[in-house]
Amino acid sequence: MAQYQFQTEVSQLLHLIIHSLYSNREIFLRELVSNASDALDKLKYLTVADDKYKSIVFEPRIDISFDSTAKTITIADNGIGMNEADLQESLGTIARSGTKAFLEQLSADAKRDSNLIGQFGVGFYSAFMIADKIEVISRKAGEDAAWKWTSAGQDSYDIEAAARDTQGTTVILYLSEEGTEYANRWSIEDIVKRYSNHVAFPIYLTYDEKKYDDKGKEKGSERKCDRINVGTAIWRRSKTELKPEDYNEFYKQISHDSDDPLFYVHTKAEGTLEYDTLFYIPKKAPFDMYQVDYKPGVKLYVKRVFITDDDKELMPTWLRFVKGVIDSEDLPLNVSREILQQNKILMNIKNASVKKLLSEFKALSEDPSEEGKEKWSTFVSQYNRPLKEGLYQDWGNRDALQDLVRFKTTHTPPNPPTSGGENGSSNNTTPLPLAGGAGGGPWTSFKDYVSRMKSDQKFIYYISGGDEQTLRSSPLLEAYRAKEIEVLIMDDDIDDLVMPMVGRYSTKDGDNTKDYELKAVNRAGADEELGEKKDKAAEKEAKPIVEKIKKALGDKVKDVKLSRRLHDSPSCIVADENDPSMQMAQMMKAMGQFGEMPDIKPILEINGEHSIVTALKDCEDEAHIADVAGVLLDQALLVEGIKLKDPADFVKRLNRLIG
């Protein structure tokens, strides 16, 4: 027998499970049945696609039994099985980086926390909520040796040689006092029917049924083995024979989510291509949606044989939040991952599925019912950002995506604070009211922005490059507010990248198409469309001041200009038409994208009528001019949310000016 130490994250998780998570303990069985089903899926595929395994006699099944006297529950399968190395890798370590995030998110809300376990790929450990000790006996398909893994859920586990007649895995739970309530036929059958009824393999429960004579006196018992799940591939069944609860049960099985999905899309295609798809949109964005190593949510089957659930080619990256199943009749069973990435059949299924999902999203956005408005509001609050990614990545569906993305705007109040996570993810499920299609409020669409444009307005204006509050406070908006021109507030970190690529929005009225160019107000030249005529006299009068500031700032700026967009503020910064914004430059530099490229320099615009600026007209003190110029630049940077390179220098200059 060899003893091993758990990985640190596993020890942390086990401690929390054993000492903190006591609500909804019944999910342990859902997780163990799900693991058994995955093992059966893997072996089923190998027996039809790999000659090495075709000789195995394989009748897939999951068996559950219990012993109320010995206080045990046993879950066994005849799937792929594990060898010694697999046991160490699967049950001793946690490979997914998202598990650390899971541990950090755990709170005192034990019911919610226990429901999250399966989503983070650590469902096996939920069994320690009801067991003092667990034994796992497993034999890998194609190998003769079997191994036993044993742990009491402390800091270590043991692995030793064992015996098992066939390939597969047996999990024996030695129940704690809290777990004994599950060691009976009715509890096990109820849990399986609620969580695992649509597992594609038969689940059998073995139990002793008591026998009574005609006077009601117990006369013995009979050992019985009954199938307790439906076991039909739900996506192959007709939509007319399925109820919403059937769809919801299956979703919870494949997603390990405790909530019902936001909505689902079930499609059966017949004709040139034959395939079935069942897609779900979760109410909450997947926890790993913004991680590089996110786990795809779509499983691929061929003729009901599981092929893979780890192929990121099954759905475009921007639809990585979708959960569900694709089952094709036309792909070969021995299709490899490399072939999948170039397979025309799968590409056609993928393209058709994307268009189907987009049409469903559009239908939801136009649903006038209160339920529809609420669902659409939740959808946008969770998935607006990945839809914007689609604008950048998916040129073929750009028009459809342009009608779906939503934006904040200067014509509506700010959004209330949310509990949004890093990079735009959010665990806040309170639906946000939407302008343009559902609910009214602080979100709008391109279509509705265009409907509100002034009669002489030619462009769609937007401001990007910071958080919402900073953008709303930007001096760059002063002239637009004065003229009551609406400006879209784009505070997602990808807006600076996406919107210049999008370039324009088109509307159609019958056979007529009208294009509206998107204009960033924080770009040099954007003020030319404001209708402000150049005041030659003012330019001439301000020229000496501009030259003084330009000389004082030197190579800190690309240029200094008299502004036509400022009303109240003394200065602002804009980016040259050919340069990235300052915020984008900072983000790219932090990601190591700019390498040794020189810093992007802003263009400083000054308000020729502001008292701070006009005071420089007759000033010849170069040190004072340098201080004023430096403060004008630094405060313009600060207002745009840009970190100063030398805050101490800014403070010294400011102190000298007010001293």
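Whatever comes next refers back to the structure up there.
Residue positions are given per chain, counted from 1 along the sequence in the order it is written. In keeping with the predicted nature of the model, local features appear solely for residues at pLDDT of at least 70, side-chain atom pairs appear and are counted solely at 80 or more, and the whole-chain, interface and lining totals rest on all residues. Note: side-chain values were computed over all heavy atoms of the structure, leaving out hydrogens and water.

1. So, the overall build of the chain
So, step 1. Numbering of helices and strands runs from the N terminus, with a helix taken as a DSSP run of H or I at least four residues long and a strand as a DSSP run of E at least two residues long. In terms of helices and strands, the chain carries 20 helices and 22 strands.
So, step 2. Burial status follows relative accessibility: with a 1.4 Å probe on protein chains alone, a residue under 20% of its type maximum counts as buried, one over 50% as exposed, and anything between as partly exposed. Looking at the chain as a whole, 52% of its 659 residues qualify as buried.
So, step 3. By sequence separation, contacts in the chain at least 24 residues apart represent 71% of the contacts at least 6 residues apart.
So, step 4. Carbon and sulfur atoms make up 47% of the accessible area of the chain, which amounts to about 31,200 Å² in all. Residues count as neighbours in contact if any of their non-hydrogen atoms are within 4.5 Å of one another. Accessibility throughout is a Shrake-Rupley quantity obtained with a 1.4 Å probe, and a residue counts as covered only by protein chains that appear here.

2. Some words on the sheet that holds strand 8 (residues 203–212)
So, step 1. Pairing is mixed in the open sheet, where 9 strands are placed in the order 1-6-5-4-7-3-2-8-9. Only two strands of the sheet have a single partner each, and these edge strands are strand 1 (2–5) and strand 9 (218–227). The mean inter-strand angle of the sheet, taken between neighbouring strand axes irrespective of direction, is 20 degrees.
So, step 2. At least two DSSP bridges between two strands are needed for those strands to be called paired. Bridge count for strand 4 (residues 131–139) against strand 7 (residues 168–175) is 8 bridges, and the pairing is antiparallel. Across the sheet, Ile134 pairs through a bridge with Leu173, a residue of strand 7.
So, step 3. In this analysis, axes come from line fits to C-alpha atoms, helices being fitted only over the stretch in contact, and the angle between any two N-to-C directions falls in the range 0 to 180 degrees. Sitting on the sheet, helix 3 (residues 84–92) is in contact with strand 1, strand 4, strand 5 (146–151) and strand 6 (156–162), with an inclination near 155 degrees to strand 6.

3. With respect to the packing of aromatic side chains
So, step 1. Centres within 6.5 Å are what make two rings of Phe, Tyr or Trp a pair, Trp counting through its six-membered ring; a difference in plane orientation under 30 degrees is then read as stacked, over 60 as edge-to-face, and the rest as tilted. Enumeration over the complete set of coordinates arrives at 25 aromatic pairs.
So, step 2. Ring geometry for Phe124 against Tyr125: centres 5.6 Å apart, planes inclined by 75 degrees, an arrangement best described as edge-to-face. Each member of the pair, Phe124 as well as Tyr125, is classed as buried.
So, step 3. Summarising the aromatic geometry, the rings of Phe361 and Phe379 are spaced 4.7 Å apart at their centres and angled 45 degrees between planes, so their arrangement reads as tilted. Of this pair, Phe361 sits in helix 9 (residues 344–365) while Phe379 sits in helix 10 (residues 370–393), and the two are 18 residues apart along the sequence. With respect to class, Phe361 is no different from Phe379; both count as buried.
So, step 4. An aromatic cluster of at least three residues, connected via ring pairs, comprises Trp235, Tyr247, Phe250, Tyr251, Tyr264, Tyr280, Tyr301 and Phe306.
So, step 5. Sitting over the ring of Tyr195, Arg30 keeps its end group 5.5 Å from the ring centre.
So, step 6. A ring has a charge above it when a Lys NZ or an Arg CZ is no more than 6 Å from the ring centre and no more than 35 degrees off the ring normal. The positively charged end of Arg398 is found above the aromatic ring belonging to Trp395, 4.2 Å away from the centroid.

4. What about unusual backbone geometry?
So, step 1. Although it is not a glycine, Lys71 sits at a positive phi angle of roughly 60 degrees.
So, step 2. Structurally, Lys71 can be placed in the loop between strand 2 (62–67) and strand 3 (72–77).
So, step 3. For Lys71, a relative accessible area of 33% gives the class partly exposed.
So, step 4. The backbone of Glu484 shows a phi angle near 55 degrees, a positive value even though the residue is not glycine.
So, step 5. Within the secondary structure layout, Glu484 lies in the loop between helix 14 (478–482) and strand 17 (488–490).

5. A few points about the sheet that holds strand 20 (residues 559–562)
So, step 1. Taken together, the 3 strands give an open sheet; going across it, the order is 20-22-21, and neighbouring strands pair in mixed fashion. In the strand order of this sheet, the two ends are held by strand 20 and strand 21 (571–574), each with one partner. On average, adjacent strands in this sheet sit at an angle of 25 degrees to one another, irrespective of strand direction.
So, step 2. Pairing geometry for strand 20 and strand 22 (residues 603–606), over 4 bridges, is parallel. Residue pairing across strands places Leu562 opposite Ile606, the latter belonging to strand 22.

6. A word on the nonpolar core
So, step 1. Side-chain atoms within 4.5 Å link the members of a nonpolar core, which is a set of buried Ala, Val, Leu, Ile, Met, Phe, Trp, Tyr and Cys residues. The biggest cluster of nonpolar side chains holds 130 residues, and the ones touching the most others in it are Trp149, Leu173 and Phe379.
So, step 2. The element contributing the most residues to this core is helix 2 (residues 27–49), with 11 residues.
So, step 3. Membership of the second largest hydrophobic core comes to 23 residues, among which are Ile549, Leu604, Ile606 and Ala629.

7. Digging into the side chain of Ser176
So, step 1. Its location among the elements puts Ser176 in the loop between strand 7 and helix 6 (185–195).
So, step 2. At 3.2 Å, the side chain of Ser176 and the side chain of Glu178 are in polar contact.
So, step 3. If near-sequence neighbours (up to four positions away) are discounted, Ser176 is found in contact with Met129, Ile130, Ala131 and Asp132. Polar contact is the term for a pair of N or O atoms within 3.5 Å; when the atoms are in protein, one must be able to donate a hydrogen and the other to accept it, and sequence-neighboring residues count only if both atoms are side-chain atoms.

8. Concerning the environment of Asn522
So, step 1. Within the secondary structure, Asn522 is located in the loop between strand 19 (512–520) and helix 16 (536–553).
So, step 2. Separated by 46 residues in sequence, Asn522 and Leu476 place their C-alpha atoms 6.7 Å apart.
So, step 3. Beyond its immediate sequence surroundings of up to four residues, Asn522 is in contact with Ser464, Leu476, Val574 and Ala575.

9. Overview of the pairing of strand 6
So, step 1. For strand 1 and strand 6, the ladder comprises 4 bridges, and the chain directions are antiparallel. Paired with Ala2 across the strands is Ile159, a residue of strand 6.
So, step 2. Strand direction decides the pairing type here: strand 5 and strand 6, joined by 5 bridges, are antiparallel. Paired with Thr150 across the bridge in strand 6 is Asp158.
So, step 3. The turn joining strand 5 and strand 6, which pair antiparallel and follow one another in sequence, is formed by 4 residues; a positive phi near 75 degrees is taken by Gly153.

10. What about the environment of Ser151?
So, step 1. Secondary-structure assignment places Ser151 in strand 5.
So, step 2. Along the primary structure Ser151 and Leu91 are separated by 60 residues, whereas in three dimensions their C-alpha atoms are 9.9 Å apart.
So, step 3. The contacts of Ser151, once residues within four sequence positions are left out, are Phe6, Phe128, Asp132, Lys133, Ile134, Ser156 and Tyr157.
So, step 4. A distance of 3.0 Å separates a polar atom in the side chain of Ser151 from the backbone nitrogen of Gly153.

11. Quick look at the pairing of strand 14 (residues 323–328)
So, step 1. Most of strand 14 is tucked away, with 6 of its 6 residues classed as buried.
So, step 2. Burial along strand 14 is two-sided: Lys323, Val325 and Asp327 facing one way and Gly324, Ile326 and Ser328 facing the other are all buried.
So, step 3. As defined by bridge partners, strand 11 (residues 275–281) adjoins strand 14 across 6 bridges and the pair is classed as antiparallel. The residue of strand 14 that forms the bridge with Asp276 is Asp327.

12. Brief notes about helix 10
So, step 1. One less than the residue count of a helix, multiplied by 1.5 Å, gives the span that helix is expected to have. Between its first and last C-alpha, helix 10 extends 33 Å over 24 residues, near the 34 Å set by a 1.5 Å rise per residue.
So, step 2. Consider a residue and the seven residues that end there alongside the seven that start there; fitting an axis to each set, the bend is the angle between those axes. At Tyr383, helix 10 shows its largest bend, some 65 degrees, and a proline, Pro386, comes one to four positions later.

13. Observations regarding the pattern of salt bridges
So, step 1. Any carboxyl oxygen of Asp or Glu within 4 Å of a side-chain nitrogen of Lys or Arg constitutes a salt bridge here. Enumeration over the complete set of coordinates arrives at 48 salt bridges.
So, step 2. Here Glu160 and Lys148 are joined by a salt bridge, their closest N and O atoms 3.9 Å apart. With Glu160 in strand 6 and Lys148 in strand 5, this residue pair connects regions lying 12 residues apart in the sequence.
So, step 3. One salt bridge connects Glu329 with Arg236, and the closest N-O pair in it is separated by 2.4 Å. You can see Glu329 sitting in the loop between strand 14 and helix 8 (337–340) and its partner Arg236 sitting in the loop between strand 9 and helix 7 (244–255), a full 93 residues away along the chain.
So, step 4. The exposure class assigned to Glu329 is partly exposed, which follows from its relative accessible area of 26%.
So, step 5. Under the relative-accessibility criterion, Arg236 is labelled partly exposed at 23%.
So, step 6. Salt bridges here are not isolated pairs; linked through shared partners, they connect Arg185, Glu189, Glu209, Lys211, Glu222 and Lys224.

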